[in-house]
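Given next are the chains, with one letter for each unit.
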Amino acid sequence: MKIKMEHGAGGEIMERFIKEIILENIHLRNAGGIGLDELDDGATVPVGEGHLVFTIDGHTVKPLFFPGGDIGKLSVSGTVNDLAVMGAKPLALANALILEAGTDADMVKKIIASMDEVSREVPVPIIAGDTKVVDDKIGVVIATAGIGMAEHPISDAGSKPGDAVIVSGTVGQHGMAIICARESIKFESEIKSDVGPVWNIVKSVADAVGWEHIHAMKDPTRGGISMALNEMARKSGYGVEIKEEDIPVSPEVRAAGEMLGISPFDVACEGRVVMVVDKDFAEDALYAIQKQPNGKDAAIIGKITETYPKKVVLETVIGGKRFLEPPIGDPVPRVC
Amino acid sequence: MRTNDILSAYRSRDIARRILQSIKKEAEKLSRPVKFMHVCGTHEDTVTRGGIRSLLPNNVSIVAGPGCPVCITPVEDIVKMMEIMRLAKESGEKITLTTFGDMYRIPTPRGSFADMRAQGHDVRIVYSIFDAYKISLKEKNLVVHFSPGFETTTAPTAGILESVENDGVENFKIYSVHRLTPPAVEALIKAGTSFDGLIDPGHVSTIIGVRGWEYITRKYGVPQVVAGFEPVDMLAAIYTLLKMINDGEVDIKNEYTRVVKYQGNTAAQEAIYKFFRVSDAKWRALGIIPNSGLELREKYNWIDIRSRYNPPTPSLPDLEKGCICGAVLRGYALPTECKLFGKVCTPETPVGPCMVSYEGTCHIFYKYGALI
């Protein structure tokens, strides 16, 4: 078998590939907490009273610079967010840079400056790194690993019936910004990627309602909220019911989506979190998120139910119902 | 963004709810369950994406007819096009084949155009025939556009043929598998598919007008409504059909007046019939339908690739065993009634054509997770 784009697209093909080619050939897959088999955003290692959370993310995006960010901002944010949605305060990052020979040094400097900016914003230090230069046509690839500490690790499987589902801002911004940049599609107001760290949002909710009332979290990257909600439904064994009209979508993303025939629900966010919260604390959680500068468009979009287990049911704008399925293939490849 | 403002009324929850109330009232008056058919992939998209079936009373159902030109393109024509490419290659002529992204992946017993590319043939995906024509102007080799589509797509084909004729472009040819929609509806009625009302496709009607559909009502007593593509358009069409049935009215109405005119686009009609003549034609899984195909007129035969290469057409089965695309295209069944649907047959591993095309009912059901 040869590796095709589909093997990295996040769908069933990728899942089978990870299971058969990777998981089955690694024998030690767990360090006492959440391990490789869970395929969560990160893994945990119990340390004393707390849990060390460990994650890594490889970043490859075309174009390297896009409205709202670049691969540097993406790599630090992506790893910080993988830690954050596990309920972990980011402690430190490590970076591996793989560069194609001939890459402009000033451009690399700009990418590093973006990484630095996000690292100071969180704040999380970048304390280790590695650099390789190759003569293959790969552009710039960045792998970022991160560790964090969680007093109460949160998986993406912990939803309970009745819980509220919150999304921290407008969806589909990153994916749609990338495709518009690639296809040179211009709108009156440019679509900007939402790329950015969400640790502040997670922390604000934990401070407001307590970690124990956040039952599940996920950052809806590849495959957008369609993929994230389906994974959360499948892993918890419960259903998710959401209302289309409550899902925040910016007018320009909506317009681009209609023009391109791509649903904003199916494309990546890079600065959002989908949070499942005990319903009695949902309003407080929402209020806490909305007070954050990157959370003002947050909304409660639905709830966890026992009907339709492992499925996501969407109530459409006109009140009809259908399943929200994970996207077919990859509507926008190489976004993160 | 302005388009969104104009269309907001057609997506309004309040307006949709009010029409739904009226639909329920009319449905209560029905003496028997009714079935409405549409013949358009985009209508199916609106119905399934909006979850419209889940909103309708139990005695009102919507079925999809043959509304997907790529799905009904005969296996024989796809295979013949492949044979043409092989013949050309053997005789030392390089052909660039262009077609649409869904056509490219349609399976046949002898493979797909995608398989041809894997074997080293030059097959390219285009978004319109115009893109194909531009390739022929830029590159010297022979460009053949494999051209499926109903009236809506035939109009731009005719537009390009106008340029081919005027500029005397020698290296651009087409393989027409264009089809006409009303004759297919007529054939379904004659073959015994029964439905109580027809929702006419807005795009096709933009070209042929309300006029192009009138004879279906006159000859077969079927009420019709020409409809647009927003959720409210579909609901309004359903309501209008119910009202006509309850009032005993047999007529054709136009809900999509913001686009469709009674006489249609007469300039487009003239262009189409300048280049094409009507012929009997095969539809995949539906058989030969009288007067439903468009072939280039003799005068323009030189633009038809078959005037240069004409290998014999093999006789092949339309569908794989177990695939019910035929019943889906006739409006007899919904994809969820198929044993293969979503299990063996998915957009990644399609068995039948209706799972491949963006306009195919099975693809749409899978993509939007239809809840019946």
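Residues numbered from 1 in each chain as written. Chains lettered and ligands numbered in written order. Predicted model: local features only at pLDDT ≥ 70, side-chain atom pairs only at ≥ 80, totals over all residues. Heavy atoms only, no water.

Enquirer: Just to check I follow, could you spell out the overall build of chain B for this structure?
Expert: Of regular secondary structure, chain B possesses 15 helices and eleven strands. Taking 372 residues into account, the globule formula puts the C-alpha radius of gyration at 21 Å, and chain B, at 21 Å, falls close to it. If one aligns the C-alpha atoms of chain B with their principal axes, the spans along those axes are about 70 × 45 × 45 Å. Residues counted as buried form 60% of the 372 residues belonging to chain B. Contacts in chain B between residues far apart in sequence, at least 24 positions, make up 78% of those at least 6 positions apart. Here chain B has roughly 15,200 Å² of accessible surface; of this, 51% comes from carbon and sulfur atoms. Between the centroid of the 46 positive side chains of chain B and the centroid of its 41 negative side chains there is a distance of 3 Å. (Helix = DSSP H or I, 4+ residues; strand = E, 2+ residues; numbered from the N terminus. Rg over C-alpha atoms; globule rule 2.2 N^0.38 Å. Buried < 20%, exposed > 50% of the residue type's maximum accessible area, 1.4 Å probe, protein only. Contact = heavy atoms within 4.5 Å. Areas by Shrake-Rupley, 256 points an atom, 1.4 Å probe, with all protein chains shown as cover. Lys, Arg positive; Asp, Glu negative; His and termini not counted. Charge placed at Lys NZ, Arg CZ, Asp CG, Glu CD.)

Enquirer: Before we go on, may I ask you to explain a nonpolar patch on the surface in this structure?
Expert: Together, A:Met1, A:Ile3, A:Ile21, A:Ile22, A:Ile26 and A:Leu36 line one region of the surface with nonpolar side chains, adding up to about 570 Å² of accessible area. Secondary-structure assignment places A:Ile3 in the segment before helix H1 (12-22). (Patch = residues over 30% accessible without salt bridge, like charges linked within 9 Å, V, L, I, M, F, W, Y side chains within 5 Å. Salt bridge = Lys/Arg side-chain N within 4 Å of Asp/Glu carboxyl O.)

Enquirer: Honestly, the environment of A:Asp37 in this entry has me stumped. Any pointers?
Expert: Residue and element names in this part refer to chain A. Here aspartate 37 is to be found in the loop between H1 and strand E1 (43-47). Residue aspartate 37 is classed as partly exposed on the basis of its relative accessible area of 44%. On a C-alpha basis, the gap between aspartate 37 and glycine 50 in space is 21 Å, while along the polypeptide they are 13 residues apart. Discounting residues that sit within four places of it in the chain, aspartate 37 has contacts with Leu23 and Arg29. A polar contact of 2.7 Å, which involves the side chain of aspartate 37, links it to the side chain of arginine 29. (Polar contact = N/O pair within 3.5 Å; in protein donor to acceptor, adjacent residues only side chain to side chain.)

Enquirer: Looking at this structure, I do not really get the interface of chain B and chain A. What am I missing?
Expert: By convention, interface size is frequently given as the accessible area that disappears when the constituent parts associate. On the side of chain A, 23 residues touch chain B, which itself brings 25 residues to the contact. Overall, the association of chain B and chain A removes approximately 2,000 Å² of surface from exposure, summing both partners, and the carbon and sulfur fraction of that is 58%. Scanning the region where chain B abuts chain A turns up three salt bridges. The salt bridge involving A:Glu245 is made with B:Arg13; its shortest N-O contact spans 3.2 Å. In this assembly, chain B and chain A are joined by eight residue pairs in polar contact (both at pLDDT 80 or more). At the level of secondary structure, the elements contributing two or more residues to the side of chain B that touches chain A comprise helix H2 (13-28), helix H3 (41-49), helix H12 (231-247) and helix H15 (361-368) of chain B. Sort the elements by how many residues they give to the side of chain B that touches chain A and H15(B) lands first, with four residues. Taken together, the residues of the side of chain B that touches chain A break down into twelve nonpolar, eight polar and five charged. (Buried area = accessible area lost by both parts, 1.4 Å probe. Nonpolar A, V, L, I, M, F, W, Y, C, P; charged D, E, K, R; others polar.)

Enquirer: So what exactly am I meant to see when it comes to the sheet that holds strand E1 (residues 34-38) of chain B here?
Expert: Whenever strands of a sheet pair, they do so through backbone hydrogen bonds, lying parallel or antiparallel. All names here are of chain B. The sheet built from five strands is open, its strands ordered E2-E1-E7-E8-E9 with parallel pairing. The open sheet is flanked by strand E2 (60-64) and strand E9 (252-254), the only strands paired with a single partner. Ignoring which end each strand starts from, the neighbouring axes of this sheet average 25 degrees apart. Across four bridges, the pairing between strand E7 (residues 197-201) and strand E8 (residues 224-227) is parallel. Each bridged residue has a counterpart across the sheet, and for leucine 198 the counterpart in E8 is glutamine 224. Its contacts with the sheet put H12 on E1, E2, E7, E8 and E9, and the angle it makes with E8 is roughly 165 degrees. (Pairing = 2+ DSSP bridges. Axes fitted to C-alpha atoms, helices over the stretch in contact; angles between N-to-C directions.)

Enquirer: Sorry, what's going on with the confidence of the model for chain B here?
Expert: Low pLDDT marks regions whose predicted coordinates should not be analysed in detail. All names here are of chain B. Confidence along chain B averages 94 in pLDDT terms, with 98% of residues attaining 70 or more. Mean pLDDT across the elements of chain B ranges from a minimum in helix H1 (residues 2-7), with 63, to a maximum in E8, with 98. With pTM at 0.87, the complex prediction returns an ipTM value of 0.80. (pLDDT = per-residue confidence, 0-100.)

Enquirer: What's the story with the packing of helix H2 (residues 71-84) of chain A against helix H3 (residues 105-121) of chain A in this structure? I'm lost.
Expert: The axes of two packed helices give the description: the angle between them and the distance between them. All names here are of chain A. Viewed as axis vectors pointing N to C, H2 and H3 meet at an angle of 35 degrees, and their least axial separation amounts to 7 Å. In this structure, H2 meets H3 at a crossing whose hand is right-handed. Every residue of H3 that contacts H2 at Ile71, Gly72, Lys73, Ser75, Val76 and Ser77 is listed here: Ile111, Ser114, Met115, Val118 and Ser119. (Left-handed = near helix turned anticlockwise from the far one by under 90°.)

Enquirer: Mind showing me how you'd approach unusual backbone geometry here?
Expert: What you tend to see is this: most non-glycine residues have negative phi, and most peptide bonds are trans. Residue A:Pro63 is reached from A:Lys62 by a cis peptide bond, and omega for that bond is 0 degrees. Residue placement: A:Pro63 occurs in the loop between strand E2 (50-59) and strand E3 (65-66). At B:Ala285, a residue that is not glycine, the phi angle is positive and equals roughly 70 degrees. Look at B:Ala285 and you get buried, because its relative accessible area is 13%. Of note in this structure, B:Asn291 is not a glycine but carries a positive phi near 55 degrees. Positionally, B:Asn291 belongs in strand E11 (residues 287-296). Exposure remark for B:Asn291: the relative accessible area of 46% places this residue in the partly exposed category.

Enquirer: Explanation requested: the packing of aromatic side chains in the structure shown.
Expert: Aromatic ring pairs: the centre-centre distance and the angle between the two ring planes describe each pair. Tallied over the entire structure, the rule returns nine aromatic pairs over all chains. Plain terms: the ring middles of A:Trp199 and A:Trp211 are 6.3 Å apart, the flat faces sit at 20 degrees to each other, and that makes the pair stacked. Placement of A:Trp199 in helix H5 (residues 199-209) and of A:Trp211 in the loop between H5 and strand E9 (214-218) is noted, with a sequence separation of twelve residues between them. In this pair, the class of A:Trp199 matches that of A:Trp211, namely buried. Pairing B:Tyr133 with B:Phe172 gives two aromatic rings, centres 5.5 Å apart and planes at 85 degrees, and the pair type is edge-to-face. With a gap of 39 residues between them, B:Tyr133 in helix H7 (residues 129-138) and B:Phe172 in strand E6 (residues 172-178) connect regions that are remote in the sequence. With respect to burial, B:Tyr133 and B:Phe172 carry one shared label: buried. An aromatic cluster of three or more residues is present, and its members are B:Phe113, B:Phe146 and B:Tyr175. Of note, B:Arg258 hangs over the ring of B:Tyr10, and the distance from its end group to the ring centre comes to 3.6 Å. Over the aromatic face of B:Tyr175 sits the side chain of B:Arg306, whose NZ or CZ is 3.9 Å from the ring centroid. (Phe/Tyr/Trp six-rings, centres within 6.5 Å; stacked < 30°, edge-to-face > 60°. Lys NZ or Arg CZ within 6 Å of the ring centre and 35° of its normal.)

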